[in-house]
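Residue-level listing of the chains:
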Amino acid sequence: ATPSATPARRGPSALPTLFIGVLVTLFAWGTAGRVEQRALDAAFHADAAMVETALRMRIRDYFSLLDNLATLFADGERPTRRGFQRYVESLDRSGQYGGLVSVQYAPWIPHADRTAFLAAVRQDTSVNPRGYPDYTIYPPGERAAYLPVLYDVPVFGVATAFGFDPLADPTRREGIEYARDSGKTAISQPLPLVQAPGEPGVVLRHSIYGASAGLADPAARRAAFNGQLSLAVRTEAGAGPQVGERA
């Protein structure tokens, strides 16, 4: 009952009982609400912990993949286009590497070597008998050096970043230079993927250095830098931390 429903003839002695009943009801509501909220909070934190664990495992798988790919470049030798492609095509595309869009290799090309590099790629018939007569480095423009995608193997969809030079983008260049100078696998900030227009993603980068080069400090790593391996990953598929490095 509420005060408005209380008969006018109810005596004063009934009011404390009514008041206590209202308090008990409110207390019960509050207690139930707190219990329900605690249950919701516990469920949320449990789910969050499961998601974090899954993301950490996914990131670990990506790092391991880059380490394995780097062995293809042992002794400073570049694997063939077909060898690189076959390795990527052997991956578990539906499970362990879910969210992976493409696997790429981009060599470091000083401006003085640009013309010879383009000619060699266009005449490469190791996989495509026609070669790649339309291959070019984009975005256009002269730069001191380039990091154009040379091997672009899609895990889902089609290759769309062939020839793309991320050094032309200041946001991407920052991650490239960090991975190069630190010698660590780096994860980019969220950015639009060239390989999946309209989809947000991150790029993991792993640097390749000369065979017998000393890598004791950033200056030595810059001098020995040969290129980078990269993984393009859709973030909605569980790319993990948005920015960071190998722990």
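This text goes with the structure placed above it.
Rules used in this analysis
- Every chain is numbered on its own, with residues counted from 1 as its sequence reads.
- For this predicted model, a pLDDT threshold of at least 70 governs which residues receive local features, and a threshold of 80 or more governs which side-chain atom pairs are given and counted, while totals over whole chains, interfaces and linings are taken from all residues.
- Each side-chain value is derived from all of the structure's non-hydrogen atoms; neither hydrogens nor water enter the calculation.
- The helix count covers DSSP runs of H or I at least four residues long, the strand count covers runs of E at least two residues long, and both are numbered beginning at the N terminus.
- Three labels apply to residues, based on accessible area from a 1.4 Å probe with only protein chains included: buried if under 20% of the type maximum, exposed if over 50%, partly exposed otherwise in between.
- Should any heavy atoms of two residues lie within 4.5 Å, those residues are counted as being in contact.
- Under the convention used here, a 1.4 Å probe and the Shrake-Rupley method define accessible areas, while residue burial counts only the protein chains that appear.
- By nonpolar core is meant a set of buried Ala, Val, Leu, Ile, Met, Phe, Trp, Tyr and Cys residues that side-chain atoms within 4.5 Å join together.

### Comments concerning the overall build of the chain
- When helices and strands are tallied, the chain shows 5 helices and 9 strands.
- Listed by position from the N terminus, the elements making up the chain come as α-α-β-β-α-β-β-α-β-β-β-α-β-β.
- The buried share among the 247 residues of the chain stands at 35%.
- A sequence separation of at least 24 residues applies to 66% of the contacts in the chain between residues at least 6 apart.
- For the chain, the accessible surface area stands at approximately 13,900 Å², while carbon and sulfur atoms represent 59% of it.

### Here we look at the nonpolar core
- One finds Phe 84, Leu 100, Leu 204, Leu 229 and Leu 231 to be the most contacted residues of the largest nonpolar core, which totals 34 residues.
- A per-element tally of this core places helix α1 (residues 14-70) first, with 7 residues.
- Not counting residues up to four positions away in its chain, the partners in contact with Leu 204 are Tyr 62, Phe 63, Leu 66, Ala 186, Ile 187, Leu 229, Ser 230, Leu 231 and Val 233.
- Membership of the second largest hydrophobic core comes to 7 residues, among which are Ala 106, Leu 147, Leu 167 and Phe 225.

### Let's talk about the environment of Gly 141
- Looking at the secondary structure, you find Gly 141 in the loop between α3 (114-122) and β3 (145-146).
- Since its relative accessible area comes to 39%, Gly 141 is described here as partly exposed.
- For the pair Gly 141 and Ala 168, spaced 27 residues apart in sequence, the C-alpha separation works out to 8.7 Å.

### Let's talk about unusual backbone geometry
- In this model, Tyr 138 is joined to Pro 139 through a cis peptide bond whose omega is 0°.
- Secondary-structure assignment places Pro 139 in the loop between α3 and β3.

### A word on the environment of Gly 183
- As for its placement among the helices and strands, Gly 183 is situated in the loop between α4 (170-182) and β5 (186-187).
- Take Gly 183: its relative accessible area is 40%, and that puts it in the partly exposed class.
- Through-space distance from the C-alpha of Gly 183 to that of Arg 221 is 7.2 Å; in sequence the pair is 38 residues apart.
- Residues within four places of Gly 183 in sequence aside, it is in contact with Tyr 178, Tyr 209 and Arg 221.

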